[in-house]
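# An overview of the molecular structure
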Amino acid sequence: MSNNQHKFLIVYPLTVGEIPRALSMLAAVLKKEGFEVKTAVNTFKKPLRVPDYVNIAKEWGATHVGISMYTLQVLEAYEIAKAMKEIGVTVVLGGAHPSSHPVEGIQHGADIVVRGEGEDTLKELCRFWKGEKVETSNRSMTMLTAENMDKANENFAMKRVNETSASRKLEEKIPEELIENDLSKIKSITFRDEKTGKIISTPPRTLIGKLDDLPTPVHDIFDDDAFTVNGVVRDHHRLYTTRGCPGRCTYCNSGVFGSKIRVYSPDTIVERIREVVNEHGITNFNIADDNFTSKKSHVEGMCNAIKREFPDVTWRVNSRVDMVNPEMLAMMKDAGCYMISYGIES
């Protein structure tokens, strides 16, 4: 099958009023690998239900459907997965809930669950789907059974150990009959082996270290009208400057981006701000990082860059009360920060 025959529909069943920017990153990976990309996002302005997603997939000729989901949409997402399988497309689940309960996702109809950060895993899956040789990221050629995957996620969720440690102690060598399956060479996925019918999970991959190396997000995959209010397309004001959070809040699932802080360089963020200011006239931004103030040097670099390049821009962030100090707050205010949303830690 040639590249132009691969069509990937990204489904987002959570009802939103703003563009879900995380999908832009995944779409960038897919397009770089030669896939056509389309989104079906459930919005307040244009609500979608299970039959709507299926009709979009059929009319567009989707070959693959990726469902980005939270626990809140789990029942509807599994209905969508089942309906998509009935029309013969490959179904992939990703996001917070599938990362925590990947075996459940396979049991409810998905072909593959992508756990944690999706960009590198999706790139390898694209090459698998195109029939190309899969470079082995799972060099140890180990796996987790369905039972052990559940145990690993339980240990990780209870914050006793990190994800890699939780997995490593439960991994076992891949049986000979599974080694021929290229999917077993790709880290951070869960799938049902076609030969044996067993649900297996490959070990978690290392978190992406250099965020600047990720493809530039693409924004032409959305129906702008579904997000337009009073002539303004909502969510061009949202920025991400870091991934990860060192917090250990019991209510939070940090399984997607992990606890290690990774940052975009100030230069990368400045170019994104410049693009939005020039194209949309927006000067008020929401820095939507889990915890913007986790790394003092990053805060200082961002404040200096924004103050130097965009003295009239204002912005707001998320943080924790134990990760700020008076000097940092003064620096942020001086650079245009006008609001901080503090989490309630537990």
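Here the structure is shown first, and the text comes after it.
Here's a quick rundown of the structure. All residue numbers here refer to positions counted from 1 along the written sequence of the relevant chain. Local features in this predicted model are restricted to residues of pLDDT 70 or higher, and side-chain atom pairs are both shown and tallied only at a pLDDT of 80 or more, whereas totals for entire chains, interfaces and linings draw on every residue. Each side-chain value is worked out from all heavy atoms of the structure, with water and hydrogens disregarded.

### Details of the sheet that holds strand S12 (residues 238-239)
- The sheet built from four strands is open, its strands ordered S12-S15-S16-S17 with parallel pairing. Strand pairing shows two members of the sheet lacking a second neighbour, S12 and strand S17 (337-342), which therefore form its edges.
- Should any heavy atoms of two residues lie within 4.5 Å, those residues are counted as being in contact. Interaxial angle, 0 to 180 degrees, is taken between N-to-C directions of lines fitted to C-alpha atoms, where a helix line uses only the stretch in contact. Put simply, DSSP H or I for four residues or longer makes a helix, DSSP E for two residues or longer makes a strand, and each gets a number counted from the N terminus. Sheet strands touched by helix H12 (residues 326-334): strand S16 (314-319) and S17. Its angle to S17, the strand with the most contacts, is close to 135°. A pair of strands counts as paired when DSSP detects no fewer than two bridges linking them.

### Observations regarding the pattern of salt bridges
- Each salt bridge in this description consists of a side-chain nitrogen of Lys or Arg and a carboxyl oxygen of Asp or Glu lying within 4 Å of one another. According to the stated counting rule, one finds 19 salt bridges in the structure shown.
- We note a salt bridge from Lys 130 to Glu 33, for which the minimum N-O separation is 3.0 Å. Residue Lys 130 is found in the loop between helix H6 (119-129) and strand S6 (142-145), and its partner Glu 33 is found in the loop between helix H1 (22-32) and strand S2 (36-43); the two are separated by 97 residues along the sequence.
- Partly exposed describes any residue whose relative accessible area lies between the buried limit of under 20% and the exposed limit of over 50%, with all areas from a 1.4 Å probe on protein chains only and scaled to the type maximum. For Glu 33, a relative accessible area of 8% translates into the label buried.
- One salt bridge connects Glu 309 with Arg 274, and the closest N-O pair in it is separated by 3.4 Å. Of this pair, Glu 309 sits in helix H11 (residues 296-309) while Arg 274 sits in helix H10 (residues 266-280); the two residues are 35 residues apart in sequence, bridging distant segments of the chain.
- Glu 309 sits in the partly exposed class, given a relative accessible area of 32%.
- Bridged by salt links that share partners, the residues Glu 33, Arg 127, Lys 130 and Glu 132 form one connected network.

### Focus: the environment of Tyr 78
- Tracing the backbone through its elements, the reader meets Tyr 78 in helix H3 (residues 74-86).
- Residue class for Tyr 78 comes out buried when judged on its relative accessible area of 8%.
- For Tyr 78 and Ile 106, which are 28 residues apart along the polypeptide, the C-alpha to C-alpha distance reads 9.6 Å.
- In contact with Tyr 78, other than residues within four places in its own chain, are Met 69, Leu 93, His 97, Glu 104, Gly 105 and His 108.
- For the purposes of these results, a polar contact is taken to be a pair of N or O atoms within 3.5 Å, where, inside protein, one atom must be able to donate a hydrogen and its partner to accept one; residues adjacent in sequence count only when each atom of the pair is a side-chain atom. A polar contact of 2.5 Å, which involves the side chain of Tyr 78, links it to the side chain of Glu 104.

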